[in-house]
Number of protein chains: 2
Amino acid sequence: MLLRVRAAVAQLAAGLGAGPGAQPPAEGRGGGAGAGRGSPPPAAFCRPAFLQLTPEELRRADDHTGRAVQSPRDGRRRLPWSTGYAEVINAGKSQHNEDQACCEVVFQQGMRWGTWPCVPTGDSLGSKGFYFHYWALFDGHAGSGAAVMASERLHLHICEQLRELVEILQDPSPPPICLPHDTQTGSADTNQMSNAEDCGEVPNDAVPRFHLEKAVSHESLVIGAIENAFKHMDEQIERERASQHLPGGCCALAAIYLMGKFYVANAGDSRAIIIRNGEIIPMSREFTPETERQRLQFLALLRPELLGKEFTHLEFPRRIQPKELGKKMLYRDQNMNGWAYKKIEEDDLKFPLIFGEGKKARMMATIGVTRGLGDHDLKVFSSNIHIKPFLSCFPEVRVYDLTQYEHCPDDVLVLGTDGLWDVTNDEEVAGVVMEVLTSYEPNDPCRYTMVAQELVVRSRGVLKERGWRLANDKLGSGDDISVFVIPLGGPGNYT
Amino acid sequence: MLLRVRAAVAQLAAGLGAGPGAQPPAEGRGGGAGAGRGSPPPAAFCRPAFLQLTPEELRRADDHTGRAVQSPRDGRRRLPWSTGYAEVINAGKSQHNEDQACCEVVFQQGMRWGTWPCVPTGDSLGSKGFYFHYWALFDGHAGSGAAVMASERLHLHICEQLRELVEILQDPSPPPICLPHDTQTGSADTNQMSNAEDCGEVPNDAVPRFHLEKAVSHESLVIGAIENAFKHMDEQIERERASQHLPGGCCALAAIYLMGKFYVANAGDSRAIIIRNGEIIPMSREFTPETERQRLQFLALLRPELLGKEFTHLEFPRRIQPKELGKKMLYRDQNMNGWAYKKIEEDDLKFPLIFGEGKKARMMATIGVTRGLGDHDLKVFSSNIHIKPFLSCFPEVRVYDLTQYEHCPDDVLVLGTDGLWDVTNDEEVAGVVMEVLTSYEPNDPCRYTMVAQELVVRSRGVLKERGWRLANDKLGSGDDISVFVIPLGGPGNYT
């Protein structure tokens, strides 16, 4: 993750950073307590519960020198759909692996919820409850606390948001615009749901209803539920950041499979692609100072006090020197995509809100991603300027309808943190996927793990005298790398 | 154009609307005075100068009943590249045709500029000056003043913005980041341009330049010039709106051909597509309350005073009734793409900032487009709430490199106001283009005019007992319709 180390170190002094000793995974990870309820143990360094690492294995996974690739072991519990997973720690940029992963089947019955492997049989939505499949990657920065907590809780917030929609999603008619009174403020009672006619629409209105009401789809309700789950997750991190030792923040990329559709939600610079019959379908876009420049500049223009007299909302191709006052410099304002020249004024000598290019682009000289969870205490180095007002915790959600296409066992959804994508691209990943899958039988449940491992190994490279090197001798990724390879079709995958 | 008639009438009382009598085109239209200089006659109702209408023809063009299609006449001056053009007045929704069009070859030499047909020969950029080809459509609302003025001036503002870039655009090396002092503030002296090294970059800097500077392309300078030209056009309308009788506003769609590339700039709901070898390439997107919802809600959230206690920045699928207080209603906030339920509070009873669907979507119950020129005096009906802060005068500019593909005489760029697109789509337009072009010889210069006419006729329909009807008996477009058909290849077009 792209965070200027200086700033991170400065902000995370006084015990907010992850402690020096790697701790074993917290008990009860991925199960036990409802989102926001109870008093869970402080989020600590750990690896995903589904890896079932022994203390010795955990120590190896935490070793920057060997950078051993981790995957669910043969003979242990297999991930749903035979999902493949692999990860590797960074080459030393942070003390621990700050990526986290989660893979669950989340079910809810009445007021109780649970996770895989206690999955009920039957439809994903039923009168007694519902369940959804869930995969997520969290790429932490400035500590692993936020990523660990998000990996333990985000799916529960999604479950919570979907809970009151169960009856609506089961009903093929359009979702009701309005629901009746709650007896208690804030609690949703799904039994009281009814149609719009019951709650405000006058049936004999002079104007027909369809002229007054906007159609809202079931799909957009699920998208809204996921969006608000991210918001609640972020609020929980904010509430508990002091007591739970949750320094830093994290990017979040989650794939939810519900009622035949994949909902891929992304907040940050992780990426998801579908590879279907050799074709690449992007399922996310990255949120960085470059891709979100106009949103950030717009906010800075409207709320200049957030810049603390240190920054200008204008973008310049480089820092301006005081002696250049009065000369003309290229700039971009919030409503521009092109560049133009302006006469340099005193105010332009401030540091640009957005600065740098590509992977080196930073907002307020501090952070390289503009969406994610956490970062509530993040400030510009040596200042009292908060970064959080510029960050968004809301994901972009893309939908892929699995029922619209007959998938073969080689069709997959790949989720990867930026450690993967920094040194490779869609085409290369698709090439590795096809190459590895071809060398295993279509019904071999290990084949997706083999793909994930190969993707991680090829992005990490091999340790040579001049560091980790790829096959083409370029520098391998020194970042944490985490990859899910989720099969979209094939026998036995839909359980 | 989509403007609630009530509001328009209310705002444009007291003589701001176009007068009842159609006046002949202003003398010297499209030539003579520099942008913003001199004292041109007040913008009045007129049709494009290139139509060369006699007073009698102008009267016919202004007749809502006959709705005669207008095109450049055979035997009169032909448009550059044999461009096709056709237009027709609305079916009575406004007194005059509020669309305007402009087609020019704009050249600049020294401090003078001129327009077609006085085009210099040779390269479009030369030591003595430069020229560019220009086509534009302006779709006015609440009067034709803004559209008329924009059609007379926008290309001059573009010329002005490009002027100081001439030497830079001719130089194949990257544009200089910084230019030296102007001797006079505000005046650009292109002779003083030099490389970045001369003006602030220390050659023996410890860090190499390429690490500090962002690369800026020639193309992005042209985009920036066009964006700022739109801004200056809008500012000119603001300055002169009282003295020049410039009520209302207009959408603007402009295509600029410069140095082998098309720059298509759009602010509003007009649309441009390229049809190349039967393939459709969209060259614009529309800016409406629906497509710009998040920008508008974000602004309203940050500047609630702009809503004047009458509106809420939240979107609801319908108006909420006071008796529904405490119930739960679907809503969308600025950072959401999905929908969710919220408990209805007092504040939610206000009118939603964005309301309605598709062509009926309105911002502040007033306007159906969110970008364009003018509208400085537009207010919400019966209130003191200004609309302009929510409107953007900045276009989105898309670039099409004509040199990257060998074009045949049937490849065209089609520009159309929403009067065209409201009743047709890309595929139908492409079908008409191919059908009509096939029936004329490839070297027949009239063929593009024939296409434009056919597109207008098919969108207008035929007057029957139940109004203007299309071939499929659906309602034809009752709006003003204007269409350019610009050939991208073929003999003799590149002069």
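The paragraphs below set out a description of the structure included in this document. Quick caveat: nothing in here was measured; it's all calculated off a predicted structure. (Residues numbered from 1 in each chain as written. Chains lettered and ligands numbered in written order. Predicted model: local features only at pLDDT ≥ 70, side-chain atom pairs only at ≥ 80, totals over all residues. Heavy atoms only, no water.)

## What about the packing of helix α7 (residues 293–302) of chain A against helix α7 (residues 293–302) of chain B?
Part 1 of the argument: One way to put it is that α7 of chain A packs onto α7 of chain B with a least axis distance of 11 Å and a crossing angle of 25°. Taken together, the axes of α7 of chain A and α7 of chain B are roughly parallel relative to one another. Along this stretch, α7 of chain A crosses α7 of chain B, giving a crossing that reads as right-handed. Note on element contacts: α7 of chain B touches α7 of chain A through R295, F298, L299 and L302 of chain B, opposite R295, F298, L299 and L302 of chain A.
Part 2 of the argument: For the contact of α7 of chain A with α7 of chain B, the class distribution of residues is six nonpolar, no polar and two charged. (Axes fitted to C-alpha atoms, helices over the stretch in contact; angles between N-to-C directions. Helix = DSSP H or I, 4+ residues; strand = E, 2+ residues; numbered from the N terminus. Parallel < 35°, antiparallel > 145°, perpendicular 65-115°, else oblique. Left-handed = near helix turned anticlockwise from the far one by under 90°. Contact = heavy atoms within 4.5 Å. Nonpolar A, V, L, I, M, F, W, Y, C, P; charged D, E, K, R; others polar.)

## Examining unusual backbone geometry
Part 1 of the argument: A positive phi angle is found at N277 of chain A, which is not glycine, with a value near 55°.
Part 2 of the argument: Tracing the sequence through the fold places N277 of chain A in the loop between β9 (271–276) and β10 (279–282).
Part 3 of the argument: Its relative accessible area of 63% is what places N277 of chain A among the exposed residues.
Part 4 of the argument: In this model, S382 of chain B sits at a positive phi of 60°, which is unusual for a non-glycine residue.
Part 5 of the argument: If you trace the backbone, S382 of chain B turns up in the loop between β17 (373–374) and β18 (396–401). (Buried < 20%, exposed > 50% of the residue type's maximum accessible area, 1.4 Å probe, protein only.)

## Remarks on the interface of chain B and chain A
Part 1 of the argument: Opposite the 63 residues of chain B that make contact, chain A presents 63 residues.
Part 2 of the argument: Summed over both sides, the interface between chain B and chain A buries roughly 5,400 Å², with carbon and sulfur atoms accounting for 54% of that surface.
Part 3 of the argument: Three residues stand out in chain B for area buried against chain A, namely K214, K328 and Y341 of chain B, and they jointly supply 14% of the buried area on that side.
Part 4 of the argument: For the salt bridge of E290 of chain A with K214 of chain B, the shortest nitrogen-to-oxygen distance reads 3.2 Å.
Part 5 of the argument: Of all the secondary structure elements, the ones that give two or more residues to the side of chain B that touches chain A are β6 (178–179), α6 (218–240), α7, β12 (328–331) and β13 (340–343) of chain B. (Buried area = accessible area lost by both parts, 1.4 Å probe. Salt bridge = Lys/Arg side-chain N within 4 Å of Asp/Glu carboxyl O.)

## Some remarks on the relation of the copies chain B and chain A
Part 1 of the argument: Here chain B sits on chain A after a turn of 180° about the axis and a move of 0.0 Å along it, with an RMSD of 0.1 Å. Expressed as an axis order, the relation between the two copies is that of a two-fold axis. The C-alpha atom lying nearest the rotation axis in chain B is that of L302 of chain B; the distance is 3.6 Å.
Part 2 of the argument: Here 100% of the interface residues in chain B have copies in chain A that are interface residues too; the copies meet face to matching face. (Least-squares fit on C-alpha atoms with pLDDT ≥ 70 in both.)

## Things to note about the pattern of salt bridges
Part 1 of the argument: Enumeration according to the criterion identifies 68 salt bridges over all chains in this entry.
Part 2 of the argument: For E396 of chain A, the salt bridge identified is with R398 of chain A, shortest N-O distance 3.0 Å.
Part 3 of the argument: You can call E396 of chain A buried: its relative accessible area is 16%.
Part 4 of the argument: A network of salt bridges, in which partner residues are shared, links K214 of chain A together with E290, R293, E315 and R332 of chain B.

## Points about the environment of N337 of chain B
Part 1 of the argument: Along the chain, N337 of chain B falls in the loop between β12 and β13.
Part 2 of the argument: In this structure, the C-alpha to C-alpha distance between N337 of chain B and Q294 of chain B, residues 43 residues apart in sequence, is 8.7 Å.
Part 3 of the argument: For N337 of chain B, the residues in contact, after removing those within four places along its chain, are I223 and E227 of chain A together with R293, Q294 and R332 of chain B.
Part 4 of the argument: Of note is the side chain of N337 of chain B, whose polar atom sits 3.5 Å from the side chain of R293 of chain B. (Polar contact = N/O pair within 3.5 Å; in protein donor to acceptor, adjacent residues only side chain to side chain.)

## Quick look at helix α9 (residues 426–438) of chain A
Residue and element names in this part refer to chain A.
Part 1 of the argument: Across its 13 residues, α9 extends 18 Å between first and last C-alpha, which sits within 8% of the 18 Å expected from 1.5 Å per residue.
Part 2 of the argument: Lining the buried residues of α9 we find β9, β10, β19 (412–416), α8 (418–421) and α10 (447–460).
Part 3 of the argument: For α9, the N-terminal cap is N425; the gap from its side-chain oxygen to the backbone nitrogen of E427 is 3.1 Å. (Expected span 1.5 Å × (residues − 1).)

## What about the side chain of K261 of chain A?
All names here are of chain A.
Part 1 of the argument: With respect to the element layout, K261 can be found in strand β8 (residues 261–267).
Part 2 of the argument: At 2.7 Å, the side chain of K261 and the side chain of E219 are in polar contact.
Part 3 of the argument: Apart from residues lying up to four places away in sequence, K261 is in contact with E219, I256, V399, Y400, D401 and L402.

## Concerning the sheet that holds β6 of chain B
Part 1 of the argument: On the basis of which strands lie adjacent, the open sheet formed by three strands has the order β13(A)-β12(A)-β6(B) and antiparallel pairing. Two strands bound the open sheet, and with one partner strand each, they are β13 (340–343) of chain A together with β6 of chain B.
Part 2 of the argument: Sheet topology note: the strand β12 (residues 328–331) of chain A/β13 of chain A ladder contains four bridges and is antiparallel. Bridged to Y331 of chain A within β13 of chain A is A340 of chain A. (Pairing = 2+ DSSP bridges.)

## Side note on helix α9 (residues 426–438) of chain B
Residue and element names in this part refer to chain B.
Part 1 of the argument: Taken together, the buried positions of α9 are D426, V429, A430, V432, V433, V436 and L437. Buried residues along α9 cover an arc of 160° about the axis, so they all sit on one side. Exposed positions of α9 whose direction lies more than 90 degrees from the buried face are E427 and T438.
Part 2 of the argument: Elements that come into contact with the buried residues of α9 comprise β9 (271–276), β10 (279–282), β19 (412–416), α8 (418–421) and α10 (447–460). (Arc of directions from axis to C-beta.)

## Here's the deal with the pairing of β19 of chain A
Residue and element names in this part refer to chain A.
Part 1 of the argument: Across the five residues that make up β19, a large majority, five, are buried.
Part 2 of the argument: Burial along β19 is two-sided: the face carrying V412, V414 and G416 and the face carrying L413 and L415 are both buried.
Part 3 of the argument: Alignment of β9 against β19, held across five bridges, turns out to be antiparallel. In the sheet register, I273 faces β19, and the bridge partner there is V414.
Part 4 of the argument: Relative to strand β22 (residues 481–487), β19 runs antiparallel, the two sharing five bridges. Within β22, the position partnered with L413 by the bridge is I486.

## A closer look at the sheet that holds strand β22 (residues 481–487) of chain B
Residue and element names in this part refer to chain B.
Part 1 of the argument: Strand order across the open sheet formed by five strands is β1-β22-β19-β9-β10, with antiparallel pairing between neighbours. Every interior strand has two partners, whereas the edge strands, β1 (84–88) and β10, have only one. Going from strand to strand, the sheet's axes swing by 15° on average, the running direction of each strand aside.
Part 2 of the argument: In terms of strand pairing, β1 meets β22 through five bridges, oriented antiparallel. Looking across to β22, one finds that A86 is bridged to V483.
Part 3 of the argument: Across the face of the sheet, α9 comes into contact with β9, β10 and β19 while running at roughly 50° to β9.

## Notes on the packing of α9 of chain A against α10 of chain A
Residues and elements named next belong to chain A.
Part 1 of the argument: The N-to-C vectors of α9 and α10 enclose an angle of 135°; their axes lie 9 Å apart at closest approach. Here α9 lies oblique to α10, going by the angle between them. Regarding α9 and α10, the two cross each other, and that crossing is right-handed. Each of V429, V432, V433, E435, V436 and L437 in α9 lies in contact with α10, whose residues at this interface are R447, Y448, M450, V451, E454, L455 and R458.

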